[in-house]
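Residue strings, one per chain:
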Amino acid sequence: MKELFSVIYTDFQSGWSRKEWLWLFVAIAAVVAGSISASPLEFWAGIFNVVCVILVAKGRLSNYYWGLLGVVLYAIVSYKQQLYGNMALNVIYFGFQFWGIYEWRKTLLNKTDAGVDVSVKRLSLLQFLQMTFVVLAGTFAVSLFLRHIGDSSPVLDAFTMVASLIAMGLMVKQYSEQWLLWILVDIASIYMWVIPALDQPGSWSMVAMWTVITGNALYGAYMWFIVKINK
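This structure is a prediction, so every number in the text was calculated from the model and none was measured.

Colleague: I would appreciate a short explanation of the overall build of the chain in the present structure.
Modeller: When helices and strands are tallied, the chain shows nine helices and zero strands. Counting from the amino terminus, helix and strand elements in the chain follow one another as α-α-α-α-α-α-α-α-α. The C-alpha radius of gyration computed for the chain amounts to 17 Å, which stays within 12% of the reference 17 Å derived for 231 residues, consistent with globular compactness. With the C-alpha coordinates aligned to their principal axes, the bounding extent of the chain is approximately 50 × 45 × 30 Å. When each of the 231 residues of the chain is scored for burial, the buried share is 52%. Within the chain, contacts between residues at least 6 apart in sequence are counted, and of these 72% link residues at least 24 apart. In the structure as shown, the chain presents an accessible area of about 11200 Å², 72% of it carried by carbon and sulfur atoms.

Okay, structure coming up:
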């Protein structure tokens, strides 16, 4: 537990610009504003997941600790909205958090400098094409199953599930291409949550969360493709 708080403290202590602190504040404020009619479950799912993805964009290890709480809460919220693909995805995410902690900690220990940001890598063209095929084929296969069990949005739910799993794997292994998938997943997720939000105002907290996460994915792509790749 002492190590947990030490990592979280270190990750927030240094390396933040004023613009990044402002973005963190705006992101949290957006989720709070969208949570006026939300349940405590939806509110905290939004907060934990937004903080998590902002730390991912910065390449900070503690994102996984925030993510552990975020995925559990979001899985419950997804189940209540009959988004079974998203529910299953976040159950799987729970295990990914521990894998990510192991991989990122190993990377940080092997770094020759004293920084707290992980190093980043790029996929080859062949790997990128393989990734694209798996996303498309996986979405088709999973959507058939989700439609069969009565999922409220089988195609989008299948896409977000398959693409997110691959993006999470790329994230754990520190590949920049994760952000291309996250951007698509985030846009699909916004649309997927707007539908229930029209009838259930509490779901606007999830729309706010995914809108913020989309903005952060764009920032993450900039950081990992342009800034960090050149360090």
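Read on for the rest.
Colleague: Whenever I open this one, the nonpolar core confuses me. Can you help?
Modeller: Across soluble globular proteins, nonpolar side chains have a tendency to be buried as a group. Counting 38 residues, the largest nonpolar core has Tyr 64, Trp 104, Trp 179 and Trp 182 as its most contacted members. Residue assignment for this core shows that the elements contributing at least two residues are α3 (40-57), α4 (63-80), α5 (84-110), α6 (125-148), α7 (154-172), α8 (178-197) and α9 (204-227). Among all residues touching Tyr 64, those that are not within four sequence positions of it are Phe 96, Gln 97, Gly 100, Ile 101, Trp 104, Met 168, Met 171 and Val 172. Judged by nonpolar contacts, the second largest core, of 27 residues, contains Ala 45, Tyr 74, Met 209 and Trp 210.

Colleague: I keep staring at the confidence of the model for the chain and nothing clicks. Help me out?
Modeller: Low pLDDT means the predicted coordinates in that region are not meant to be read closely. Here the chain averages 86 in pLDDT, and 94% of its residues register 70 or above. Mean pLDDT across the elements of the chain ranges from a minimum in helix α1 (residues 2-13), with 75, to a maximum in α6, with 94.

Colleague: Would you explain the packing of aromatic side chains in this entry?
Modeller: For any pair of aromatic rings, the description rests on two quantities: the centre-to-centre distance and the angle between the ring planes. Scanning the entire structure with this criterion turns up 15 aromatic pairs. Ring centres 5.8 Å apart and planes at 70 degrees place the aromatic pair Tyr 74 and Trp 210 in the edge-to-face group. Of this pair, Tyr 74 sits in helix α4 while Trp 210 sits in helix α9, and the two are 136 residues apart along the sequence. Taking the relative accessible area as the measure of exposure, Trp 210 reaches 10% and is therefore buried. Among the aromatic residues, ring-to-ring pairing joins Phe 12, Trp 16, Trp 21, Phe 43, Trp 44, Phe 48 and Trp 66 into one connected group. Directly above the aromatic system of Trp 16 lies the positively charged group of Lys 58, at a separation of 4.9 Å from the ring centroid.

Rules of the game
- Residues numbered from 1 in each chain as written.
- Predicted model: local features only at pLDDT ≥ 70, side-chain atom pairs only at ≥ 80, totals over all residues.
- Heavy atoms only, no water.
- Helix = DSSP H or I, 4+ residues; strand = E, 2+ residues; numbered from the N terminus.
- Rg over C-alpha atoms; globule rule 2.2 N^0.38 Å.
- Buried < 20%, exposed > 50% of the residue type's maximum accessible area, 1.4 Å probe, protein only.
- Contact = heavy atoms within 4.5 Å.
- Areas by Shrake-Rupley, 256 points an atom, 1.4 Å probe, with all protein chains shown as cover.
- Core = buried A, V, L, I, M, F, W, Y, C linked by side-chain atoms within 4.5 Å.
- pLDDT = per-residue confidence, 0-100.
- Phe/Tyr/Trp six-rings, centres within 6.5 Å; stacked < 30°, edge-to-face > 60°.
- Lys NZ or Arg CZ within 6 Å of the ring centre and 35° of its normal.

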